[in-house]
Amino acid sequence: MDVTLVAVPYDLGREGVGSGRGPTAYLEGGAAEALRAGGHDVEVVTARRSAAFGSELEAVLDVDAAVAALVIAAIADGRLPLVLAGNCNVTLGVRAGLLATRGDSDPDHGRLATIWLDAHGDFNTPKTTETGYLDGMPLAMLTGRAFPEAWVRLGGKPLDETLTLHAGGRDLDPAEAGAMATSQITVVSGAEVRERGLGEALAPALDELAARAVDLGQVATGRPPAQLHVDIDVLDPSVAPAVGFPSPGGLTLAELLAAVEMSGARFDLLALSLTSFAPESAGGGGTLDCGVAVLTTAAGVASGFPAATRR
Ligand SMILES: [Mn+2]
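Here is a short report on the structure shown in this document.

Reading guide: rules and limits
- Residues numbered from 1 in each chain as written.
- Predicted model: local features only at pLDDT ≥ 70, side-chain atom pairs only at ≥ 80, totals over all residues.
- Helix = DSSP H or I, 4+ residues; strand = E, 2+ residues; numbered from the N terminus.
- Rg over C-alpha atoms; globule rule 2.2 N^0.38 Å.
- Buried ≥ 20, exposed ≤ 12 C-beta atoms within 10 Å, placed from the backbone.
- Contact = placed C-beta atoms within 7 Å.
- Pairing = 2+ DSSP bridges.
- Axes fitted to C-alpha atoms, helices over the stretch in contact; angles between N-to-C directions.
- Parallel < 35°, antiparallel > 145°, perpendicular 65-115°, else oblique.
- Left-handed = near helix turned anticlockwise from the far one by under 90°.
- Nonpolar A, V, L, I, M, F, W, Y, C, P; charged D, E, K, R; others polar.
- Core = buried A, V, L, I, M, F, W, Y, C linked by C-beta atoms within 7 Å.

A word on the overall build of the protein chain. Across its full length, the protein chain holds 12 helices and 10 strands. Over its C-alpha atoms the protein chain spans a radius of gyration of 17 Å, differing by no more than 12% from the 19 Å that the globule rule assigns to 311 residues. Across its three principal axes, the protein chain shows a C-alpha extent of roughly 45 × 45 × 40 Å. Expressed as a percentage of the 311 residues in the protein chain, the buried residues total 54%. Sequence-distant contacts in the protein chain: of pairs separated by 6 or more residues, those separated by 24 or more amount to 73%.

On to the pairing of strand S6 (residues 113–117). For S6, the buried fraction is high: 5 of the 5 residues fall into the buried class. On S6, burial covers both faces: Ala113, Ile115 and Leu117 on one face and Thr114 and Trp116 on the other are all buried. In the sheet, S6 pairs with strand S9 (residues 225–231) via 5 bridges, with the strands oriented parallel. Bridging across to S9, Leu117 finds its partner in Val230.

The next subject is the sheet that holds S9. Here we have 8 strands laid out as an open sheet, ordered S4-S1-S5-S10-S9-S6-S7-S8, and parallel in their pairing. One side of each edge strand has no neighbouring strand; the edge strands of this open sheet are strand S4 (41–46) and strand S8 (186–188). Ignoring which end each strand starts from, the neighbouring axes of this sheet average 15 degrees apart. Taken strand by strand, helix H12 (residues 284–302) contacts strand S1 (2–8), strand S5 (80–85), S9 and strand S10 (268–275), and its axis lies near 170 degrees from that of S10.

In this section: unusual backbone geometry. Positive phi is not limited to glycine here, since Leu12 has a value of about 50 degrees. The exposure class of Leu12 is buried, given the 20 C-beta atoms found within 10 Å. The backbone of Asp122 sits at a positive phi, close to 55 degrees, despite the residue not being glycine. Following the sequence through the fold, Asp122 ends up in the loop between S6 and helix H6 (138–142).

The next thing to look at is the packing of helix H3 (residues 56–76) against helix H4 (residues 90–100). Close contact between H3 and H4 brings their axes to 7 Å; oriented N to C, the two are set at 40 degrees. When the axis of H3 is compared with that of H4, the two are oblique. By crossing handedness, the relation of H3 to H4 is classed as right-handed. Only Val90, Leu92, Gly93, Val94, Ala96, Gly97, Leu98 and Ala100 of H4 make contact with H3, whose side of the interface consists of Val63, Asp64, Ala65, Val67, Ala68, Val71 and Ile72. Split by residue class, the contact of H3 with H4 holds 12 nonpolar, 2 polar and 1 charged.

Proteins that are soluble and globular tend to have nonpolar side chains buried together. Val6, Val8, Val67, Leu82, Val83 and Ala298 are the most contacted members of the largest nonpolar core, which totals 101 residues. Considering every element that reaches this core, the biggest residue donor is H3, with 10 residues. When sequence neighbours within four positions are dropped, the list of residues in contact with Val83 reads Val6, Val8, Val67, Val90, Val94, Ala271, Leu272, Ser273 and Leu274.

Written as structure tokens, this is what we have:
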């Protein structure tokens, strides 16, 4: 598989601070080399904000527009975009890029599903947030509930909630949790994973999501397309502690890699966004290794190699 690593060294539009250092740390820690060792051709590009920092929202969307352009270029070259980002808002830019490569008349345009693995809901809106923290809202932005003007700025359109799966969540604000529970998003909570095991909890939810995506396409051939979002804080802090908002009760690394493989078995994975690694926090090295394992696993399943034959 030809892979483009898209580095997005920003934390809410601010360059090289906090989790904005994560992408560079992955690259300096051997992410490209690990992918090459797996047989992939790797190019590395970096997203850059085009204008001076104004408001946080404008800076985020500026970065997302740059990400979209790099995703479009990667897809045009037949490459898989693996996006390393400080925070989760970057997934809007990935979606905008993917949609732009397809065009409004393509039936796949409407059935691009999103699988979102995250300790947090990321589903706050300006009305439900208790802190105003913008990166508590990216899934709500993706689905058009928060700052719908983002889709005017980026092009494309919001994600259909029925094509959205959120898994591994365990740290949601009360109003945010209520909004997610009454939404049409398929939710597999971290508690469900703990109680039932990952396979039992996630497989039927992924099956349903894939069936809905196929139904929405006019031609139900092949696997439906999806973008995969992995906030590395979906892992338990005992495994990946170097994140901004660690939350206990998370996945093991084996469970996360299995979730990536289960997603790849049911969907044509078009892009990955990997977020929230804060390398200067304690435990940075172990967290880095986890993220690199996510990258190599995602590239492997997107290549269609069965897990058993990958090295
Ligand atoms: Mn997140």
